[in-house]
Amino acid sequence: MAIWAIIPAAGIGSRMQSGVPKQYLQINNQTVLAHALTRLSAVAEVECVVVALHPRDSHWATLALQEGPRLTTCAGGDDRCRSVLNALAALQTRAQQDDWVLVHDAVRPCVTTGDICRLLGEVAEHPVGGLLAVPVSSTLKKAGADGNICATVDRTDLWQASTPQVFRYGLLRKTLTDAIAAGVLVTDEASALELAGFAPRLVRGRADNIKITFPEDLPLASLILQAQARE
Ligand code: CTP
Ligand code: MG
């Protein structure tokens, strides 16, 4: 079974409020996207990485990466799930139905190659696939409409989903297509599988695999990458 990878990188980063989309901001002299790509590409078993770009992307070319059989791009869609679906379509002449597809956010530059390999190892015998996730560590509060607490939510059995998420090519494409057709714009791949009645595997990942969302995430990611380089 071959392993393919997809990086949805077509977002505009509205919560970051920067002129440049957050996947193209620099951390430690490299763009966020280049960090993520380097870490996925370090997994030798990955045949090809497809990066979904915004139709009006003007930054990808400045990375000056060599495109070819191991790295290609496609146009992203209006939502993350549509970007992933477009990338799956771009692989249709190469991927077999039962091949694995790793999907990793362009804005998670701190994922370790060790975690990606552990994820692949843990789902190898799984009928559906799975994702890296971290057990929730904080006490969770539910807010009422007035901004005051209306409940404390039991965090036992609650996990924060991250990426990569890895599923079979055929089943991922079908469940994503069906979710969108049903009007559900899922924010991760596992949700599409769950909607279809499947139960993906939760694989405990490192808590430092943060998603760059707000401005304060940038210096944090910079420190994490420096600390990882010393490991
Ligand atoms: N993404 C994408 N296509 C979209 C929207 C998002 O490929 N139409 C990608 C983003 O580029 C990012 C990942 O999906 O790598 C996770 O999305 P998120 O963190 O929500 O990024 P944005 O949508 O860009 O940010 P925001 O929600 O703050 O606007
Ligand atoms: Mg978004």
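Structure's up top.
**Q** Please provide a residue-by-residue account of the nonpolar core, values included.
**A** Core analysis: the largest hydrophobic core is formed by 29 residues, its most contacted members being Ile6, Val50, Leu88, Leu91, Val101, Leu172 and Leu176. Counting residues per element, the ones that place at least two in this core are β1 (3-9), β4 (46-53), α2 (80-90), β6 (100-103), β7 (129-135), α4 (169-181) and α5 (189-195). Leucine 88 has contacts with Ile6, Val101, Tyr169, Leu172, Arg173 and Leu176, leaving out every residue within four places of it along the chain. Core analysis: the next-biggest nonpolar cluster, separate from the first, contains 27 residues, Leu40, Ala106, Val111 and Leu119 among them.

**Q** Requested: an account of helix α3 (residues 113-123), with residues and values cited.
**A** Among all positions of α3, only Asp115, Ile116, Leu119, Leu120 and Val123 are buried. Summarising the axial view, the buried residues of α3 lie within an arc of 140°, below the 170-degree limit, and thus occupy one face. Turning to α3, the residues buried within the fold contact β1, α1 (32-41), β6, β7, β10 (159-168) and β11 (201-204).

**Q** How would you summarise the pairing of β1 if you had to cite specific residues and measurements?
**A** Successive residues of a regular strand alternate their side chains across the two faces of the sheet. Among the seven residues in β1, seven count as buried, and that is most of the element. Along β1, one buried face is formed by Ile3, Ala5, Ile7 and Ala9 and the opposite face, lined by Trp4, Ile6 and Pro8, is buried too. Of the pairings in the sheet, the one linking β1 to β4 comprises six bridges and is parallel in character. By the bridge assignment, isoleucine 6 is partnered in β4 with valine 50.

**Q** So what's going on with the site of ligand 1? Which residues, and what values?
**A** Around ligand 1, 19 residues are found, and the nearest of them are Pro8, Gly13, Ser14, Ser83 and Lys211. A distance of 2.6 Å separates an oxygen atom of ligand 1 from a polar atom in the side chain of lysine 211. Look at ligand 1: alone it shows 560 Å² of surface, and the protein chains cover 87% of it. Elements with a minimum of two residues in the shell around ligand 1: β1 and α2. Considering only residue class, the shell around ligand 1 consists of six nonpolar, six polar and seven charged.

**Q** Summarise unusual backbone geometry; cite the residues concerned and give the values.
**A** A cis geometry characterises the amide bond from threonine 163 onward to proline 164, with omega recorded as 10°. Within the fold, proline 164 resides in strand β10. A positive phi angle, close to 50°, is found at asparagine 28, a residue other than glycine. Looking at where asparagine 28 falls in the secondary structure, it is placed in the loop between β2 (26-27) and β3 (30-31). Since its relative accessible area comes to 33%, asparagine 28 is described here as partly exposed.

**Q** Give a detailed account of α4, specifying residues and quantitative values.
**A** Under the 1.5 Å per step criterion, the end-to-end length of α4 is 18 Å for 13 residues, consistent within 8% with the ideal 18 Å. Looking only at α4, the buried set comprises Tyr169, Gly170, Leu172, Thr175, Leu176, Ala179 and Ile180. Along its buried surface, α4 packs onto α2, β6, β10 and α5. After α4 finishes, the residue glycine 183 shows a positive phi value of roughly 85°.

**Q** Please set out the packing of α2 against α4 residue by residue, giving values where relevant.
**A** Relative to each other, α2 and α4 sit at 140°, their axes nearing to 10 Å. Between α2 and α4, the crossing angle belongs to the class labelled oblique. Read as a crossing pair, α2 and α4 show a hand that is left-handed. Two secondary-structure elements touch here, α2 through Cys81, Arg82, Val84, Leu85, Leu88 and Ala89 and α4 through Tyr169, Leu172, Arg173, Leu176, Thr177 and Ile180. Here the residues of the contact of α2 with α4 are counted per class, giving nine nonpolar, one polar and two charged.

**Q** Give me the sheet that holds β10: which residues, what numbers.
**A** Strands sit in the order β5-β4-β1-β6-β10-β7-β11 across an open sheet of seven strands; the sheet is mixed. Each end of this open sheet is capped by a strand with a single partner; those strands are β5 (71-75) and β11. Averaged over neighbouring strand pairs, the angle between their axes works out to 30° when direction is ignored. Running at roughly 140° to β1, α2 makes contact with β1, β4, β5, β6 and β10 of the sheet. Contacts between α4 and the sheet are confined to β6 and β10, with β10 contributing the most and set at about 120° to the helix.

About the cut-offs
Residues numbered from 1 in each chain as written. Chains lettered and ligands numbered in written order. Predicted model: local features only at pLDDT ≥ 70, side-chain atom pairs only at ≥ 80, totals over all residues. Heavy atoms only, no water. Core = buried A, V, L, I, M, F, W, Y, C linked by side-chain atoms within 4.5 Å. Buried < 20%, exposed > 50% of the residue type's maximum accessible area, 1.4 Å probe, protein only. Helix = DSSP H or I, 4+ residues; strand = E, 2+ residues; numbered from the N terminus. Contact = heavy atoms within 4.5 Å. Arc of directions from axis to C-beta. Pairing = 2+ DSSP bridges. Near = heavy atom within 4 Å. Polar contact = N/O pair within 3.5 Å; in protein donor to acceptor, adjacent residues only side chain to side chain. Areas by Shrake-Rupley, 256 points an atom, 1.4 Å probe, with all protein chains shown as cover. Nonpolar A, V, L, I, M, F, W, Y, C, P; charged D, E, K, R; others polar. Expected span 1.5 Å × (residues − 1). Axes fitted to C-alpha atoms, helices over the stretch in contact; angles between N-to-C directions. Parallel < 35°, antiparallel > 145°, perpendicular 65-115°, else oblique. Left-handed = near helix turned anticlockwise from the far one by under 90°.

Fair warning: the whole summary comes from geometry, so function is off the table for now.
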